[in-house]
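Coordinates in review
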Amino acid sequence: MPTAERIDGKAKAAEIAESIRKDVAVLKNERGITPGLAVVIVGHDPASQVYVRNKKRTAESCGFHSVLHELDADTRQDEVLDLIAELNNDPAVHGILVQLPLPKHLDEQLVTQSIVPHKDVDGFHFENIGRLTAGDIDNAFVPCTPAGCMLMIEDQLGRDLSGLNAVIVGRSNIVGKPMAALLLAANATVTICHSRTKELPQVARHADILVAAVGRPEMIRGDWVKPGAVVIDVGINRIEVVTDGEKRHRLTGDVAYEEAANVAAAITPVPGGVGPMTIAMLMANTLKSASS
Ligand SMILES: Nc1nc(=O)c2c([nH]1)NC[C@@H]1CN(c3ccc(C(=O)N[C@@H](CCC(=O)O)C(=O)O)cc3)C=[N+]21
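Residues numbered from 1 in each chain as written. Predicted model: local features only at pLDDT ≥ 70, side-chain atom pairs only at ≥ 80, totals over all residues.

1. Concerning the overall build of the protein chain
Each helix and strand counted, the protein chain has 10 helices and 11 strands in total. The globule rule puts the C-alpha radius of gyration for 292 residues at 19 Å, and the 19 Å found for the protein chain is close to it. The C-alpha extent of the protein chain, read off along each of the three principal axes, is 50 × 50 × 35 Å. When contacts within the protein chain are restricted to residue pairs at least 6 apart in sequence, long-range pairs at least 24 apart make up 68% of them. (Helix = DSSP H or I, 4+ residues; strand = E, 2+ residues; numbered from the N terminus. Rg over C-alpha atoms; globule rule 2.2 N^0.38 Å. Contact = placed C-beta atoms within 7 Å.)

Okay, here's the thing in structure tokens:
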């Protein structure tokens with residue numbers, strides 16, 4: 001029997017959405033403002049389409065004004081930039097998200113940096129990254145996935161992580177790096193590991209907080225986990241499984257859940273962990289943008 005607590009990201013995300021719904025009603029009544037979220041998707045990647053629809057549905061359930069711009073895979077860069085310029089200037093839009101990854105002919109950096117910082121609810125603009133790393137977190141949009149992870153970590157361990165070792169596996173701009181900034185701001189001792197790290201399992205075993213964000217299904221095994229650790233699994237991997245001779249797809253994380261759950265104190269499942277919290281944080285950032 002696994003001994004770890006299963007951290008229910010789906011339930012926590014639903015609570016957050018409920019609280020946002022109430023705040024939206026107040027914002028509408030008192031100031032006549034309806035938070036607006038614009039999501040831009042280029043191309044027809046099926047996984048991206050699932051995420052984007054989830055975002056739109058959640059935004060609508062929170063009482064937001066929600067617009068989805070679905071552009072063809074061969075849309076030119078100047079056309080994407082023109083759309084962002086339009087959204088930057090649209091007073092009904094408080095948050096803009098361009099779903100990543102973009103098709104190869106588009107310059108991801110140019111596109112994400114063209115969003116005005118005060119509508120950058122993904123927290124990818126250099127101004128927001130700068131505020132986050134410089135410690136001006138209250139005035140920054142924090143990237144949604146690490147923000148969601150942080151709330152789940154706080155639930156387990158409190159807001160002050162002094163004396164605790166945090167190990168992040170993965171150094172992406174979207175997860176690993178901002179996650180490190182947040183953990184550091186909470187006084188954790190932070191290590192970022194990646195594909196070139198030596199003796200990764202040993203390093204991971206020092207972690208009181210282990211964040212897995214590598215994108216390799218079940219790479220992190222039970223014997224990498226320190227007894228009593230809090231394990232946050234950011235990975236969302238679609239793997240093929242054959243049951244009764246039939247091919248099916250199954251979602252799995254970067255952590256071998258059953259193994260790790262026998263060692264950890266608490267662990268997030270996939271699905272139902274970090275994913276729903278990411279969407280909840282997108283709603284929180286959009287509300288914050290509309291309120292300020
Ligand atoms: N500009 C941008 N911002 C993002 O935040 C962003 C992005 N691009 N590109 C892709 C990644 C991935 N991402 C997810 C969000 C929710 C779930 C989610 O809700 N997952 C469900 C399962 C959904 C399913 O069945 O596939 C769960 O884990 O329970 C997953 C993945 C946001 N991302």
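2. Some details on the environment of Gly 163
Checked against the element boundaries, Gly 163 lands in the loop between helix H6 (144–157) and strand E5 (165–169). Gly 163 sits in the exposed class, given 9 other C-beta atoms within 10 Å. Sequence separation of Gly 163 and Leu 287 is 124 residues, and the distance between their C-alpha atoms is 34 Å. (Buried ≥ 20, exposed ≤ 12 C-beta atoms within 10 Å, placed from the backbone.)

3. Some words on the sheet that holds strand E3 (residues 65–71)
In spatial order, the strands read E3-E2-E4; together these three strands make up an open sheet with parallel pairing. Edge positions in the sheet fall to E3 and strand E4 (95–98), since each has one partner strand and no second. Pairs of neighbouring strands in the sheet enclose a mean axial angle of 15°, with direction left out of account. The strands that helix H3 (residues 77–88) touches are strand E2 (36–42), E3 and E4; relative to E2, the one it contacts most, it runs at about 180°. (Pairing = 2+ DSSP bridges. Axes fitted to C-alpha atoms, helices over the stretch in contact; angles between N-to-C directions.)

4. Some words on the UniProt feature "binding site: NADP(+)" (unreviewed entry) in the protein chain
According to UniProt, the feature "binding site: NADP(+)" (unreviewed entry) maps to Gly 170, Arg 171, Ser 172 and Ile 236 in the numbering used here. Within the element layout of this structure, Gly 170 appears in the loop between E5 and helix H7 (176–185). Not counting residues within four places of it along the chain, the set of residues in contact with Gly 170 comprises Val 175, Gly 176, His 194, Ala 213 and Val 214. Looking at where Ile 236 falls in the secondary structure, it is placed in the loop between strand E8 (230–233) and strand E9 (237–243). Note on Ile 236: 19 C-beta atoms within 10 Å, which makes it partly exposed. Setting aside chain neighbours within four positions, we find Ile 236 in contact with Leu 251, Val 270 and Gly 275. (UniProt positions renumbered as here; feature names shortened; annotations may be inferred.)

5. Here's the deal with the UniProt feature "domain: Tetrahydrofolate dehydrogenase/cyclohydrolase NAD(P)-binding" (unreviewed entry) in the protein chain
UniProt records the feature "domain: Tetrahydrofolate dehydrogenase/cyclohydrolase NAD(P)-binding" (unreviewed entry) for residues 143–291 in the present numbering. Regarding residues 143–291, the helix share stands at 35% and the strand share at 23%, and the terminal C-alpha atoms are separated by 18 Å.

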